[in-house]
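Here is how the chains run, residue by residue.
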Protein chains: 2
Amino acid sequence: MKILLDILGGDKAPAEPLLAAHRALSEDKELELVLAGKKEEIEEFFKDKPEEFARVEILEAKEAVLNTDHPATFLKQKPESSLAVAFSAMRHRDDIDGLVSAGPTGALLTGAVLSLGRIAGVKRPALMTTLPGGGKILDSGANMDCKPEYLVQFAQMADVYFQAINDKKPRIGLLSVGKEEGKGNELTKETYALLKEEKSLNFVGNVEGDTAFEDVCDVVVADGFAGNVFIKAAEGGALYATGLFKKAMKRNIFAKLGALFQMKGLKEAKAEFSKVVDACAPLLGCRKLVLKCHGKANALPLYNSICEAKRLTEMRMIERIAEAVKIHENPGNSPAE
Amino acid sequence: MKILLDILGGDKAPAEPLLAAHRALSEDKELELVLAGKKEEIEEFFKDKPEEFARVEILEAKEAVLNTDHPATFLKQKPESSLAVAFSAMRHRDDIDGLVSAGPTGALLTGAVLSLGRIAGVKRPALMTTLPGGGKILDSGANMDCKPEYLVQFAQMADVYFQAINDKKPRIGLLSVGKEEGKGNELTKETYALLKEEKSLNFVGNVEGDTAFEDVCDVVVADGFAGNVFIKAAEGGALYATGLFKKAMKRNIFAKLGALFQMKGLKEAKAEFSKVVDACAPLLGCRKLVLKCHGKANALPLYNSICEAKRLTEMRMIERIAEAVKIHENPGNSPAE
């Protein structure tokens, strides 16, 4: 099994991706990594780590893709960027199973669709992000303008994914502006009607932004625009509240003293928060695994994502999604229910 | 000047709306209020307050409109509900200037448009909600499916409103998923192009959900679906973070002791939060003033909304919006710029 890691992607490249690669290679003696980055930087980092370096293949890349690069043209404009060489290798080589990158979301998504292509029958691949509290939302930003049937397929793909990992069927909710069936825009109203008919899904109806953090569903389905607005607004709201609490805790010497007494609990709160930033977001529906890490990710979440890529490969996630999509698209082929 | 107050709307009706009415009448000896509610309840409440009751007119209503009532049909289904009698009075009487209600948003918005009608030239009235941090967002839920020209008009109406109240031009941002011009869905991309050309507006470009709380703009423009997702997700994120902090502060006896030292700061934080729940949301674009209060609003925000309705009437807000819309729709009629 070979996983490709983008060494130049994200705010903390190349240092943190290199640390993540080293940790993954030390802990799994079977693992082989392909690292897309600058040859001399990678060699320099591994010069006193020969055992791990023996399982490293370097894909020479000259530069990083930036947020300011256009997602649709970076493959041509920056053919020697780490993402461009990564996608080229993913496309042409059968021995690489997945890509982990903290690079720009737009470039990663567009590059994946253009280079790897979609699984047969998949209308639009979707990005699935973890919410505070542990729920999942898709699409969180890959597809700005969606049709109802895209959203239904997002739900089907998430159903397979969640079931494979958690060994139970997820409760699927539809992001809207009210719980009742008639609430929402044209897209969500049409999607609601279709999801209600999908007997293979555990559809629990509309969920609203403020209840999606509660334990009302496991997976929230949305178009990529609303999904992205949702996760960023939630992040903004959480940071706003955090700011108010921090201010209260630093108000004067007594408040600061009080915070000392709360150190342990505050650390736990911070860890709970980090879980969200640290969770990688898989792109569901492409022919190969693509895992997006937060741009601010340091070595730990990157390491976790490498492990996740291994795990998803082992459980044949791509094949599972392909089979599910095939059955949904051609219900006649499905086993009797 | 007469303001109409919905005595049966909201979770805390009729007690809190009655308290709000009493306070407003005690503090402003010129004010006259029309109260839509149950006659005996209102008379009972005011029986020892004759001075204020002298300036009360009762609009007899038998019941409240509920969240489960259909917004488009409650006027016919519940003709004796407080909102139905309120809208009927607003429509037929020139002496009532504005309506304040904590009733269901959908019913309030649909009822307003059906009963009061739009200002000439207004394509769609929009609800403007206050964000944590003090910014405004519109539309926050009145129009689920929007066209670019609706959003441009939302910006124009908000511009007039903000300028009248704050005596300076607001910075207008467009809710999207990235700062750059090309980011977003078809709606936001087309809207961006139109807003850029609106030289009368101070358009500052796209804003993202997580930056909208920061001081990047004064007014965020969005379609009603995305705007509603935004405010609810922000609320959900803030409540999630608050939950984590509260848990940390209650973790053990020491943490609780620490919280005692922080009491003052925590109270300030709570007050800052309440500002958002307490701010009323005006519906911009109808022929008469309609102010929506939070369903959980108690007497203070309801009282504030009555004051706000007075203030907006005094500054001729409806006429100002009507003039601005007319000038934008017929630029030839505008004074030389």
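What you are looking at is a predicted structure, and each value in this text was computed from that prediction instead of being measured.

1. Thoughts on the confidence of the model for chain A
Low-confidence regions, as indicated by low pLDDT, have predicted coordinates that should not be scrutinised in detail.
All names here are of chain A.
Right, on to step 1. Residues with a pLDDT of 70 or more make up 97% of chain A, whose mean pLDDT is 90.
Right, on to step 2. In this model, residues 333-337 is a region of pLDDT below 50 whose contacts with residues beyond four sequence positions or in other chains number one contact.
Right, on to step 3. Both scores are given for the predicted complex: the pTM is 0.90, the ipTM 0.89.

2. With respect to the relation of the copies chain A and chain B
One copy of the chain maps onto the other through a rotation about an axis plus a displacement along that axis.
Right, on to step 1. Rotating chain A by 180° and moving it 0.0 Å along the rotation axis overlays it on chain B with an RMSD of 0.0 Å. In short, the pair behaves as if placed about a two-fold rotation axis. Across chain A, the smallest distance between a C-alpha and the rotation axis is recorded for G258(A), namely 1.7 Å.
Right, on to step 2. In this assembly, 98% of the residues forming the interface of chain A have copies in chain B that are likewise at the interface, indicating an isologous arrangement.

3. A few points about the environment of E190(A)
All names here are of chain A.
Right, on to step 1. Mapped onto the secondary structure, E190 falls in helix α8 (residues 186-197).
Right, on to step 2. A relative accessible area of 45% places E190 in the partly exposed class.
Right, on to step 3. C-alpha of E190 to C-alpha of K296: the two residues are 106 residues apart in sequence and 37 Å apart in space.

4. Notes on the sheet that holds strand β5 (residues 126-130) of chain B
All names here are of chain B.
Right, on to step 1. Pairing in this open sheet of eleven strands is mixed, and the strands run β3-β2-β1-β4-β11-β10-β5-β6-β9-β7-β8 from one edge to the other. Whereas interior strands pair on both sides, the edge strands pair on one side only; in this sheet they are β3 (56-60) and β8 (202-207). With direction set aside, neighbouring strand axes in the sheet form an average angle of 25°.
Right, on to step 2. For strand β1 (residues 2-6) and strand β4 (residues 96-101), the ladder comprises four bridges, and the chain directions are parallel.

5. Notes on a negative patch on the surface
Right, on to step 1. A cluster of acidic residues, D145(A), E149(B), E186(B) and E190(B), forms a negative patch on the protein surface.
Right, on to step 2. For E186(B), the position within the fold is in helix α8 (residues 186-197).

6. Regarding the interface of chain A and chain B
Right, on to step 1. On the side of chain B, 51 residues touch chain A, which itself brings 52 residues to the contact.
Right, on to step 2. When chain A packs against chain B, close to 4700 Å² is buried across both sides, 71% of that on carbon and sulfur atoms.
Right, on to step 3. Across the salt bridge formed by K232(B) and E208(A), the nearest N and O atoms sit 2.4 Å from each other.
Right, on to step 4. Broken down by secondary-structure element, the contributors of at least two residues to the side of chain A that touches chain B are α8, α9 (224-249), α10 (253-261) and α11 (263-278) of chain A.
Right, on to step 5. The leading source of residues in the side of chain A that touches chain B is α9(A), at 19 residues.
Right, on to step 6. Of the residues contributing to the side of chain A that touches chain B, the split by class is 26 nonpolar, 14 polar and twelve charged.

Rules used throughout
- Residues numbered from 1 in each chain as written.
- Chains lettered and ligands numbered in written order.
- Predicted model: local features only at pLDDT ≥ 70, side-chain atom pairs only at ≥ 80, totals over all residues.
- Heavy atoms only, no water.
- pLDDT = per-residue confidence, 0-100.
- Contact = heavy atoms within 4.5 Å.
- Least-squares fit on C-alpha atoms with pLDDT ≥ 70 in both.
- Helix = DSSP H or I, 4+ residues; strand = E, 2+ residues; numbered from the N terminus.
- Buried < 20%, exposed > 50% of the residue type's maximum accessible area, 1.4 Å probe, protein only.
- Pairing = 2+ DSSP bridges.
- Axes fitted to C-alpha atoms, helices over the stretch in contact; angles between N-to-C directions.
- Patch = residues over 30% accessible without salt bridge, like charges linked within 9 Å, V, L, I, M, F, W, Y side chains within 5 Å.
- Areas by Shrake-Rupley, 256 points an atom, 1.4 Å probe, with all protein chains shown as cover.
- Salt bridge = Lys/Arg side-chain N within 4 Å of Asp/Glu carboxyl O.
- Lys, Arg positive; Asp, Glu negative; His and termini not counted.
- Charge placed at Lys NZ, Arg CZ, Asp CG, Glu CD.
- Buried area = accessible area lost by both parts, 1.4 Å probe.
- Nonpolar A, V, L, I, M, F, W, Y, C, P; charged D, E, K, R; others polar.

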